[in-house]
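Here are the chains, one letter per residue:
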Amino acid sequence: MVVKSWYNGYSPKERDDKFKAMKKLLAKGELLQPTGSCSLCNDNEVPLEYHDEDYGAPFIWEPPALLTLCRHCHRDKLHKRFSRPVAWLAYIAHIRRGGYARDLKDLQIKKEVDAYKAAIEKNEAFVLKSLRPYEHEIGKEWFANLRMDIESLSDPLARARK
Ligand SMILES: [Zn+2]
C-alpha cells in the first residue's frame, strides 16, 4: 500500500514513512497487532486495524497518535467525514448511545440512525434509544472535535504536534 493523500496536515510521503516504519515494527514484533476494542465504537469483538492521527517524527505508537479502529469506523466513517459530515455526526450520536458499528446491520437500528440524520438536516431534535452504557465523557473523546473541513487534510495547522 502506498499512501497517496494528505491527512491532518501530513503529506503522502510523511504518511507513507510512518506506514513503512509500522510494517517493520509489526514484522519484528515490536509493535503488536491491534487488540482490545475499537477506539471509536468500543466494540470489543471485532477485528481491528491501526489508524494514525499523528504522523509526525519522532513517531508515536500509542493513543491518541495511533488508534485501533474497526474497519467500518475507520474506512466508512472517520475518513469519510469530510464528504459525509451529517453521517459522521449521526454516527457519533450512535456511538454515544452505546452503539457499535455492527449494530447498523440491524435494519431497525439503521432506520433510527437514518431518521437522526434527517433530523440533523432539518435542524430538529431527535434522541436515539440507548443500546448500551457509554463509558466515556461526552465531548472529551479523541474524536469529539475533529476537523471536518476538507482543507484540514493539507493544512499544517491540523497537525497534532505543531
Ligand atoms: Zn468501530
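Check the entry above for the structure.
Computed from a predicted structure; not experimentally measured.

A. Focus on the coordination of the zinc ion. Taken together, the protein donors to the zinc ion comprise C38 (SG), C41 (SG), C70 (SG) and C73 (SG), at separations of 2.3 to 2.4 Å. Around the zinc ion, the four donor atoms sit at angles spanning 102 to 116°, and that spread fits a shape best called tetrahedral. Counting along the primary sequence, the residues that act as donors to the zinc ion give the motif C-x2-C-x28-C-x2-C. Here the residue C38 occupies a position in the loop between α1 (12-28) and β1 (48-52), and C73 occupies one in helix α2 (residues 71-78), the gap between them amounting to 35 residues. C38 sits in the buried class, given a relative accessible area of 1%. Residue classification places C73 among the buried residues on the basis of a relative accessible area of 0%.

B. Broad picture of the side chain of K18. Residue position: K18 is located in helix α1. According to the relative accessible area criterion, K18 is buried, its value standing at 0%. Of note is the side chain of K18, whose polar atom sits 2.7 Å from the side chain of D52. What K18 contacts, discounting residues up to four positions off in sequence, is D52, D54, Y55, F59, I60, W61 and A65.

C. Quick peek at the pattern of salt bridges. Taken as a whole and judged by the stated rule, the model has 20 salt bridges. The closest approach of N and O atoms between D54 and R161, which form a salt bridge, is 2.8 Å. With a gap of 107 residues between them, D54 in the loop between β1 and β2 (66-70) and R161 in the segment after α4 (107-121) connect regions that are remote in the sequence. With its nearest N and O atoms 3.3 Å apart, the salt bridge here joins D114 to K117. Remark: K117 and D114 occur in helix α4; sequence separation between them is three residues, near one turn of the helix. Residue class for D114 comes out partly exposed when judged on its relative accessible area of 30%. Linked through salt bridges whose partners overlap, the residues forming this network are D76, K77, K80 and R84.

D. View of the layout of surface pockets. Taken as a whole, the second largest pocket holds about 230 Å³ of empty space. In terms of lining residues, the second largest pocket is bounded by 16 residues, among which N8, E53, A158, R159 and A160 are the most central.

What counts, and where the lines are drawn
- Residues numbered from 1 in each chain as written.
- Predicted model: local features only at pLDDT ≥ 70, side-chain atom pairs only at ≥ 80, totals over all residues.
- Heavy atoms only, no water.
- Donors = N, O, S within 2.8 Å, 3.2 Å for Na, K, Ca; no water.
- Tetrahedral: all angles 85-135°; square planar, octahedral: opposite > 155°, others 65-115°.
- Helix = DSSP H or I, 4+ residues; strand = E, 2+ residues; numbered from the N terminus.
- Buried < 20%, exposed > 50% of the residue type's maximum accessible area, 1.4 Å probe, protein only.
- Polar contact = N/O pair within 3.5 Å; in protein donor to acceptor, adjacent residues only side chain to side chain.
- Contact = heavy atoms within 4.5 Å.
- Salt bridge = Lys/Arg side-chain N within 4 Å of Asp/Glu carboxyl O.
- 1 Å grid on protein atoms, 1.4 Å probe; cavity = no way out; pocket = protein on both sides within 12 Å on 5 of 7 lines; lining within 4 Å.
- Points joined across faces, edges and corners; volume = space filled by probe spheres on them.

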